[in-house]
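A closer look at the structure
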Amino acid sequence: KGTPHRMPPTAIPVPAEAAQDFPVSMVIDAKDDIAFLLSKMGFVYMFDIHSGKTMFRTRITQETVFVTCAQNSTGAVFGITVRTGRVLRISLNGQNLVPYIVNTLRDTDLAIKVAGRLGLPGAEHLYTQEFER
C-alpha cells in the first residue's frame with residue numbers, strides 16, 4: 001500500500017473549562033477522511049486526517065459517551081451516553097464547514113483543501129484569490 005503517512009503530533013485544543021478532560025473514543029469517517037474524537041466531558045472534535053488539524057469542536061452532551069461506531073454509508077458517527085442511554089448521531093455539516101474554517105479558524109489553506117477534496121461549497125472566492133496570486 002505504499003509508505004505510511006506520518007505527521008507530527010498535534011495538540012488537542014481543549015477549552016479552559018475542560019482542562020481535566022480526556023479522549024474516550026475516536027472514530028474515523030472513511031468516506032470524508034475525518035476523525036471524530038469524543039471526550040469524557042461530552043466534547044466532540046473533528047480532525048482532518050490528512051493534516052491532523054482540528055476543524056471543529058463543540059460540547060454535545062453533559063454525559064460521557066461510552067460506546068461509538070461509524071456508519072460507513074453516510075460518514076456519521078453514533079454514540080450512546082452512560083447515564084441516560086441517549087443515542088447521539090454526529091455528522092459533517094458540509095454546507096457550513098468551509099465557511100467555519102475560513103471565518104472562525106482563519107485557515108484558508110485547510111478550507112481550500114477540504115472544499116476541494118470533499119466538493120463542499122464556501123471556498124469559491126478562495127480559489128479566485130489563489131489563482132490571482
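Everything in this summary refers to the structure shown in the same document.

The rules behind the values
- Residues numbered from 1 in each chain as written.
- Predicted model: local features only at pLDDT ≥ 70, side-chain atom pairs only at ≥ 80, totals over all residues.
- Heavy atoms only, no water.
- Helix = DSSP H or I, 4+ residues; strand = E, 2+ residues; numbered from the N terminus.
- Contact = heavy atoms within 4.5 Å.
- Expected span 1.5 Å × (residues − 1).
- Buried < 20%, exposed > 50% of the residue type's maximum accessible area, 1.4 Å probe, protein only.
- Arc of directions from axis to C-beta.
- Pairing = 2+ DSSP bridges.
- Axes fitted to C-alpha atoms, helices over the stretch in contact; angles between N-to-C directions.
- Polar contact = N/O pair within 3.5 Å; in protein donor to acceptor, adjacent residues only side chain to side chain.
- Parallel < 35°, antiparallel > 145°, perpendicular 65-115°, else oblique.
- Left-handed = near helix turned anticlockwise from the far one by under 90°.
- Nonpolar A, V, L, I, M, F, W, Y, C, P; charged D, E, K, R; others polar.

Among the secondary structure elements, leucine 105 is positioned in helix H1 (residues 94-105). In this structure, the C-alpha to C-alpha distance between leucine 105 and threonine 54, residues 51 residues apart in sequence, is 9.1 Å. Other than its neighbours up to four places away in sequence, leucine 105 contacts Thr54, Met55 and Tyr100.

Let's shift gears to H1. If you check H1, its first and last C-alpha atoms are 16 Å apart, about what 12 residues at 1.5 Å a residue would give, namely 16 Å. Among the residues making up H1, those that are buried are Gly94, Leu97, Val98, Ile101 and Val102. One side of H1 carries all its buried residues, which in axial view fall inside an arc of 115°. The first or second residue beyond H1 is arginine 106, which carries a positive phi of 55°.

Attention now goes to the sheet that holds strand E1 (residues 23-29). Taking strand neighbours across the sheet as the criterion, the four strands line up as E1-E2-E3-E4 in an open arrangement whose pairing is antiparallel. Looking at which strands have only one partner, the edges of the open sheet turn out to be E1 and strand E4 (54-59). Averaged over all pairs of adjacent strands, the angle between their axes in this sheet comes to 15°, without regard to strand direction. Where strand E3 (residues 43-48) and E4 come together, five bridges link them in antiparallel fashion. Within the sheet, the bridge partner assigned to phenylalanine 43 lies in E4 and is arginine 59. Packing of H1 onto the sheet brings it into contact with E3 and E4, and relative to E4 it is tilted by some 90°.

Here serine 25 lies in strand E1. Serine 25 sits in the buried class, given a relative accessible area of 13%. Here the side chain of serine 25 touches threonine 68 through a polar contact of 2.4 Å, side chain to side chain. Apart from residues lying up to four places away in sequence, serine 25 is in contact with Phe36, Leu37, Leu38 and Thr68.

Next up on the list: the sheet that holds strand E6 (residues 76-81). Across the sheet, three strands lie side by side as E5-E6-E7; this open sheet has antiparallel pairing. The sheet is open, and its two edges are formed by strand E5 (65-71) and strand E7 (87-90), each paired on a single side. Strand after strand, the sheet turns through a mean of 25° between neighbouring axes, direction not considered. Of the pairings in the sheet, the one linking E6 to E7 comprises four bridges and is antiparallel in character. Directly across from phenylalanine 78, in E7, lies its bridge partner arginine 89.

To continue, consider the packing of H1 against helix H2 (residues 108-118). Closest axis-to-axis distance for the H1/H2 pair is 8 Å, and the angle between their directions is 170°. Between H1 and H2, the crossing angle belongs to the class labelled roughly antiparallel. Here H1 runs over H2; the crossing is left-handed. Between H1, through Leu97, Val98, Ile101 and Val102, and H2, the contact on the second element is made entirely by Leu110, Ala111, Val114 and Ala115. For the contact of H1 with H2, the per-class residue count stands at eight nonpolar, no polar and no charged.

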